[in-house]
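# Descriptive structure summary
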Amino acid sequence: MNVSKSFWLWTRSFLEGRSQQVKLRGALLSIRPCLTGVPQGSVISPTLFNVHVDDLEDCIPNHLDINTHKYAYDCTQDEVIPYRSPSNMQEVLDTMNDWALRNKTKLYAKKTKDMWICFKAAIPEPPSLKIGNDTIERVNSFKLLGLWINNTLKWNTHIEEITKKANKRLFYLRECRRSNLPT
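Residues numbered from 1 in each chain as written. Predicted model: local features only at pLDDT ≥ 70, side-chain atom pairs only at ≥ 80, totals over all residues. Heavy atoms only, no water.

## Considerations on the overall build of the protein
Per the secondary structure count, the protein includes 4 helices and 12 strands. At 21 Å, the protein has a C-alpha radius of gyration far larger than the 16 Å of a compact globule built from 183 residues. Projected onto its principal axes, the C-alpha coordinates of the protein cover approximately 60 × 55 × 35 Å. Within the protein, buried positions represent 19% of all 183 residues. Relative to all contacts within the protein whose residues are 6 or more apart in sequence, the contacts with residues 24 or more apart total 42%. Of the side chains in the protein, 26 bear a positive and 19 a negative charge, and the two mean positions are spaced by 12 Å. (Helix = DSSP H or I, 4+ residues; strand = E, 2+ residues; numbered from the N terminus. Rg over C-alpha atoms; globule rule 2.2 N^0.38 Å. Buried < 20%, exposed > 50% of the residue type's maximum accessible area, 1.4 Å probe, protein only. Contact = heavy atoms within 4.5 Å. Lys, Arg positive; Asp, Glu negative; His and termini not counted. Charge placed at Lys NZ, Arg CZ, Asp CG, Glu CD.)

Encoded structure:
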């Protein structure tokens, strides 16, 4: 990467010597050093994350034919599986987990979701995916970049979710108006 020495030094000073404090059930825990990661909410943090994971898909063999999409603090993979062919996703996850360990980061099974989209009723779902010993939850829908996607690729879930959110906002505005509170 071709960056100036002053930018490199600034970035290093931004990341070194940070600490954090957690508030849990109203009690403040002691301040501890934060040895890894980037501060969320900072303008440059998504860029630094993407620089860190830039070579992630290089660890995935080309013959596995997996698509990788990286953005902000996240990454998704998708795979089109030909009829009667096995999925390569578990091999991809194992390879990515090895990459993560080598690069001092971690894949979190609890934050990872698996969605199976298939329009043929007779095809059995593939086995559950795992990161290490942790099973990844298979879901029927999930939110990706503000868009709710479901396993039928219809808009129902997205419309239901944005309608719920709009109704909550409308209720809040009515309550504020009734109580003469600023909105």
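## Side note on the environment of Asn151
Relative to the assigned elements, Asn151 resides in the loop between β12 (147-150) and α4 (156-178). On the basis of relative accessible area, Asn151 is assigned to the partly exposed category, the value being 21%. Considered as a pair, Asn151 and Arg18 are 133 residues apart in the sequence and their alpha carbons are 42 Å apart. When neighbours within four sequence positions are excluded, Asn151 is seen to be in contact with Met115, Trp116, Ile117 and Asn140.

## A few points about the nonpolar core
Counting 16 residues, the largest nonpolar core has Leu56, Ile60, Val92, Trp99 and Ile136 as the members making the most contacts within it. The biggest single contributor to this core is helix α3 (residues 89-102), with 6 residues. Residues contacting Ile60, with those up to four places away along its chain left out, are Thr68, Val92, Thr95 and Met96. (Core = buried A, V, L, I, M, F, W, Y, C linked by side-chain atoms within 4.5 Å.)

## Side note on the pairing of strand β11 (residues 141-144)
It is a general feature of regular strands that their side chains alternate between the two faces of the sheet. Two strands pair when backbone bridges link them, and β11 and β12 are joined in this way by 4 bridges, in the antiparallel orientation. Of the residues in β12, the one forming a bridge with Leu144 is Leu147. Where β11 hands over to β12, the hairpin turn is made up of 2 residues, of which Leu145 adopts a positive phi near 50°. (Pairing = 2+ DSSP bridges.)

## Description of the packing of aromatic side chains
Under the defined criterion, the tally for this structure stands at 2 aromatic pairs. Among the aromatic residues, ring-to-ring pairing joins Phe7, Trp10 and Phe14 into one connected group. Positioned over the ring face of Tyr108 is Lys111, at 5.5 Å from the centre of the ring. Over the face of the ring belonging to Tyr83 we find Lys120, whose NZ or CZ atom lies 5.9 Å from the ring centre. (Phe/Tyr/Trp six-rings, centres within 6.5 Å; stacked < 30°, edge-to-face > 60°. Lys NZ or Arg CZ within 6 Å of the ring centre and 35° of its normal.)

## A word on the pairing of strand β6 (residues 74-78)
Relative to β6, strand β5 (residues 67-71) is paired through 5 bridges, and the arrangement is antiparallel. Among the inter-strand pairings, Lys70 is bridged to a residue of β6, identified as Cys75. Counted between consecutive antiparallel strands, the loop separating β5 from β6 contains 2 residues, among which Ala72 sits at a positive phi close to 40°.

## Describing the side chain of His158
Following the sequence through the fold, His158 ends up in helix α4. Among residues more than four places away in sequence, those in contact with His158 are Gly146, Leu147 and Trp148.

## Regarding a nonpolar patch on the surface
Taken together, the side chains of Val3, Phe7, Trp8, Leu9 and Trp10 define a hydrophobic patch exposed on the protein surface, amounting to about 490 Å² of accessible area. You can see Trp8 is positioned in helix α1 (residues 5-15). (Patch = residues over 30% accessible without salt bridge, like charges linked within 9 Å, V, L, I, M, F, W, Y side chains within 5 Å. Areas by Shrake-Rupley, 256 points an atom, 1.4 Å probe, with all protein chains shown as cover. Salt bridge = Lys/Arg side-chain N within 4 Å of Asp/Glu carboxyl O.)

## Quick notes on the pattern of salt bridges
Using the criterion set out here, one finds 7 salt bridges in the structure. Lys70 serves as the salt-bridge partner of Glu57, at 2.7 Å between the closest nitrogen and oxygen. Of this pair, Glu57 sits in the loop between α2 (45-52) and β5 while Lys70 sits in strand β5, and the two are 13 residues apart along the sequence. Among the ionic pairs, Lys164 bridges to Glu161, the shortest N-O distance being 3.4 Å. With Lys164 and Glu161 both in helix α4 and 3 residues apart, the pair spans about one turn of that helix. According to the relative accessible area criterion, Lys164 is partly exposed, its value standing at 46%. Assessed through its relative accessible area of 25%, Glu161 is described here as partly exposed. Among the ionic contacts, a cluster of salt bridges with common partners joins Asp114, Glu125 and Arg138.

Purely spatial values, then, with no claim about function.
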